[in-house]
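# Remarks on the overall topology
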Amino acid sequence: MGRSKRPLLAHLPPSTVPFQASSWVHADPRRQPRTSAAPSRPRTPALSAKPIPSPGDPAVPVTEDLIRRNAEHNDCVIFSLEELSLHQQEIERLEHIDRWCRDLKILYLQNNLIGKIENVGKLKKLEYLNLALNNIEKIENLEGCEELTKLDLTVNFIGELSSIKSLRGNLHLRELFLMGNPCADFRGYRPFVVAALPQLQCLDGKEIERSERIQALQNLPAVEQQIREQERAYCLKRAKEKQEARRKLREEHENKENENHPGFEGHWDPGIGATSPSSAESKDLLQAPEVQEGEASRRKAEDGEDDLEFWNKPSSFTPESRLETLRHVEKQRKDQAKLSEKKKKVKPPRTLITEDGRALNVNEPKLDFSLKDDENRHQIVLDLAVYRYMDTSLIDVDVQPTYVRVTVKGKPFQLVLPAEVRPDSSSARRSQTTGHLVICMPKAGEFITGGRQTCKSVESTMDSSREQPDKRSKPTEKLEVDPSKHSFPDVANIVQRAEHTPRRVRPAPRVLPREEDPDFEDNPEVPPLI
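Residues numbered from 1 in each chain as written. Predicted model: local features only at pLDDT ≥ 70, side-chain atom pairs only at ≥ 80, totals over all residues. Heavy atoms only, no water.

## Looking at the overall build of the protein
Operational definition: Secondary structure elements are defined from DSSP: runs of H or I of at least 4 residues count as helices, runs of E of at least 2 residues count as strands, and each element is numbered from the N terminus. With a 1.4 Å probe rolled over the protein chains alone, any residue whose accessible area is under 20% of its type maximum counts as buried; one over 50% counts as exposed, and the rest are partly exposed. Any two residues whose heavy atoms approach within 4.5 Å are treated as being in contact. Only the protein chains shown count as cover for residues, and all accessible areas are computed by the Shrake-Rupley method using a 1.4 Å probe.
Check the secondary structure of the protein and you find 10 helices and 17 strands. Burial status across the protein gives 34% buried among its 530 residues. Within the protein, counting contacts between residues at least 6 apart in sequence, those at least 24 apart form 54% of the total. Roughly 35100 Å² of accessible area belongs to the protein as shown, and the carbon and sulfur atoms make up 51% of that amount.

Laid out in structure tokens, this is it:
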């Protein structure tokens, strides 16, 4: 049997494009869109049994959450779902779909690890079923899909071609794709399918003509005999492949156990290694960081060589080889995750306040900000450009007299203020348009008056009071009430209002000279000064 290097998988769109029967596509669960050339060896897929999975195989079950996540176009409602796409999900078994989605008309299941067609017989409205690039080895359990019009089984492992007779009850079946299967290489493959399914109009993307159908019906007995002989030979070859796959799995399991338990009966054998596990661990802990990094790089190089060797190793294209490839890729993912966890170092907590009590400027979330001093209102305003669509519950604001701290998703933003502020009078608001956080912090020693918001300084008031001591020392006039009078004082006339006359009419004060002045001379002829 010819062997070739392990090829990669070419992803097909939801509607599989027909291709030449001579082309061959192989599966790789890494889902990289790369195509491979057609190998010269014969195809050797399985016949009737599901591939032998080993313990720990990654399998994705069909859950309600999985279906809802792929039903967003139907508002995540699954009972009325008419189209569902579950391709490239590493699904190994079909289940629950026929109970949860009874109204399905289109179902995409290509590029998975499905080994058997099951649990779809109750989908009475199903019109198109895509099962390309799976591990299916027999056509079965589709009799209940009464409205099935198109069936795509491209690149599977169908070797029992006579199983297509189970599709005779699907009277509305018009298109069938079997290219890339082992049965497509059988002599008389197309005439047998055309004669076995009289309702079929198109096979592998090629329309069936009337003359072709008449000729296929005439030669059906001889062609059917050829098909049965080829199926029998394929069964023997497939049995050998299954036996070889079981042997490889057994050897891998034994090697894994030997690696995990190097001693006898689970006890450590001193002759195997020079050091015990505890001493080896302590030695690793005592190694210098440079030595550990060098060892990590060496292991990484060895893993890269093993990976290259695995992909260049000749392998037959079987359901077991697909599962083996998936196991290898999952093992690589786990090793990479462990390596990244080892490399990941716990960052020391960021210093926000020094030992001497001095606050530091920190911008760990790397946000844009602006700080301005509003002299008119005597306050400091901080505008922080917080992420627009981030929930406000992830923001924590802490205003202190000398600094302000904003924690955004656990990352601190701290800024030292140019002047002392009053935390109890500070306010924080967030814009609904831009998402920016605006923090207003009134300065300490300032007070805001109502109305026009004019501010007066306490220190300036005290200075002015010191400069004018005579104003405070001036005695104040008090209101005296005669105790002999028991009636209440007239409150309305407490303050006597002086009648103000206009300045133009008011006479000028008359200055009378004093007689004591020695230079005063009273001349009666001189008129008085006005």
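Moving on, there is more to tell.
## Some words on the nonpolar core
As a reminder of what qualifies: In this description, a nonpolar core means a group of buried Ala, Val, Leu, Ile, Met, Phe, Trp, Tyr and Cys residues linked to one another through side-chain atoms lying within 4.5 Å.
Leu-129, Leu-142, Leu-151, Leu-153, Leu-161, Leu-176 and Val-193 are the most contacted members of the largest nonpolar core, which has 53 residues in total. Broken down by secondary-structure element, the contributors of at least two residues to this core are helix 1 (64-69), helix 3 (189-196) and helix 5 (220-260). With six residues, helix 3 is the largest single contributor of residues to this core. Setting aside residues no more than four positions away along its own chain, Leu-176 makes contact with Leu-151, Leu-167, Val-193, Leu-197, Leu-200, Cys-202, Leu-203 and Asp-204. In this structure, Leu-367, Leu-415, Val-421 and Leu-437 belong to the second largest nonpolar core, which totals 18 residues.

## Some points on the sheet that holds strand 5 (residues 150-152)
To keep things clear, this is the line we draw: Pairing between strands is defined by DSSP: at least two bridges between them are needed.
Reading across from one edge, 2-3-4-5-6-7-8 is the order of the seven strands in this open sheet, with mixed pairing throughout. At either margin of the open sheet sits one strand with a lone partner, and together these are strand 2 (83-85) and strand 8 (206-207). With three bridges connecting them, strand 4 (residues 128-130) and strand 5 associate as parallel partners. Bridge pairing in strand 5 places Leu-129 opposite Leu-151.

## What about the sheet that holds strand 15 (residues 411-416)?
A sheet is described by the order of its strands in space; here four strands give the open sequence 10-15-14-13, paired in antiparallel fashion. Bordering the open sheet on either side are strand 10 (362-363) and strand 13 (395-399), each of which pairs with just one other strand. Here strand 14 (residues 403-408) pairs with strand 15 via six bridges, running antiparallel. Bridge pairing in strand 15 links Arg-405 to Gln-414.

## So, the packing of helix 3 against helix 4 (residues 210-218)
Let me state the cut-off plainly: Angles here are taken between N-to-C directions and fall from 0 to 180 degrees, while the axes themselves are lines fitted to C-alpha atoms, restricted in helices to the stretch in contact. An angle below 35 degrees is treated as roughly parallel, one above 145 as roughly antiparallel, one from 65 to 115 as roughly perpendicular, and anything else as oblique. Polar here means any residue other than Ala, Val, Leu, Ile, Met, Phe, Trp, Tyr, Cys and Pro, which are nonpolar, and Asp, Glu, Lys and Arg, which are charged; Gly is therefore polar.
Put simply, helix 3 and helix 4 touch, their axes get as near as 8 Å, and they point 95 degrees apart. Our classification of the angle between helix 3 and helix 4 gives roughly perpendicular. Facing Arg-190, Pro-191, Val-194 and Ala-195 of helix 3, the residues of helix 4 in contact are Glu-212, Arg-213, Ala-216 and Leu-217. In the contact of helix 3 with helix 4, the residues fall into five nonpolar, no polar and three charged.

## What about the environment of Asn-111?
The topology assignment puts Asn-111 in the loop between strand 3 (106-108) and strand 4. Judged by relative accessible area, which is 8%, Asn-111 ranks as buried. For the pair Asn-111 and Leu-133, spaced 22 residues apart in the sequence, the C-alpha separation amounts to 4.6 Å.

## Quick word on helix 3
Summarising burial for helix 3: seven of the eight residues are buried, a large majority. Buried residues of helix 3: Tyr-189, Arg-190, Phe-192, Val-193, Val-194, Ala-195 and Ala-196, and no others.

## A word on the packing of aromatic side chains
Inclusion rule: Ring geometry is summarised as follows: Phe, Tyr and Trp rings, the Trp one being its six-membered ring, pair when their centres sit within 6.5 Å, and such pairs are stacked at plane angles under 30 degrees, edge-to-face over 60 and tilted between the two. Sitting over a ring, as applied to charges here, requires NZ of Lys or CZ of Arg to be within 6 Å of the ring centre and within 35 degrees of the ring normal.
The full count for this structure, using the stated rule, is two aromatic pairs. When the ring of Tyr-108 is compared with that of Tyr-128, the centres are 5.7 Å apart and the planes differ by 85 degrees; the resulting orientation is edge-to-face. Residue Tyr-108 is located in strand 3, and its partner Tyr-128 is located in strand 4; the two are separated by 20 residues in the primary sequence. A residue is classified by how much of its surface remains accessible, and Tyr-108, at 10% relative accessible area, is buried. Judged by its relative accessible area of 9%, Tyr-128 is buried. On the basis of an interplanar angle of 65 degrees and a centroid distance of 5.1 Å, the ring pair of Phe-369 and Phe-413 is categorised as edge-to-face. A residue pair is termed long-range when its members are at least 10 positions apart, and Phe-369 in strand 11 (residues 369-374) and Phe-413 in strand 15 qualify at 44 residues. We classify Phe-413 as buried; its relative accessible area is 1%. Above the ring of Tyr-128, the side-chain terminus of Lys-150 is found at 4.8 Å from the ring centroid.

## Brief notes about the pairing of strand 13
The pairing of strand 13 with strand 14 spans five bridges and is antiparallel. The partner of Val-397 across the bridge, within strand 14, is Val-406. Hairpin remark: strand 13 followed by strand 14, antiparallel, with three residues in the connecting loop.

## Re the pairing of strand 11
For a regular strand, side chains alternate in direction, first toward one face of the sheet and then toward the other. As defined by bridge partners, strand 11 adjoins strand 12 (residues 379-384) across six bridges and the pair is classed as antiparallel. Residue pairing in the sheet places Leu-371 in a bridge with Leu-382 of strand 12.

## Some thoughts on the pattern of salt bridges
What counts, and what does not: Definition used for salt bridges: Asp or Glu carboxyl oxygen within 4 Å of a side-chain nitrogen of Lys or Arg.
As enumerated under the stated definition, the model contains 16 salt bridges in all. Among the salt bridges present, the one from Asp-103 reaches Lys-125, with a minimum N-O distance of 3.3 Å. Taken together, the positions of Asp-103 in the loop between helix 2 (97-100) and strand 3 and Lys-125 in the loop between strand 3 and strand 4 put the pair 22 residues apart, joining distant regions of the chain. A single salt-bridge network, built from bridges that share partners, covers Lys-165, Glu-224 and Arg-228.

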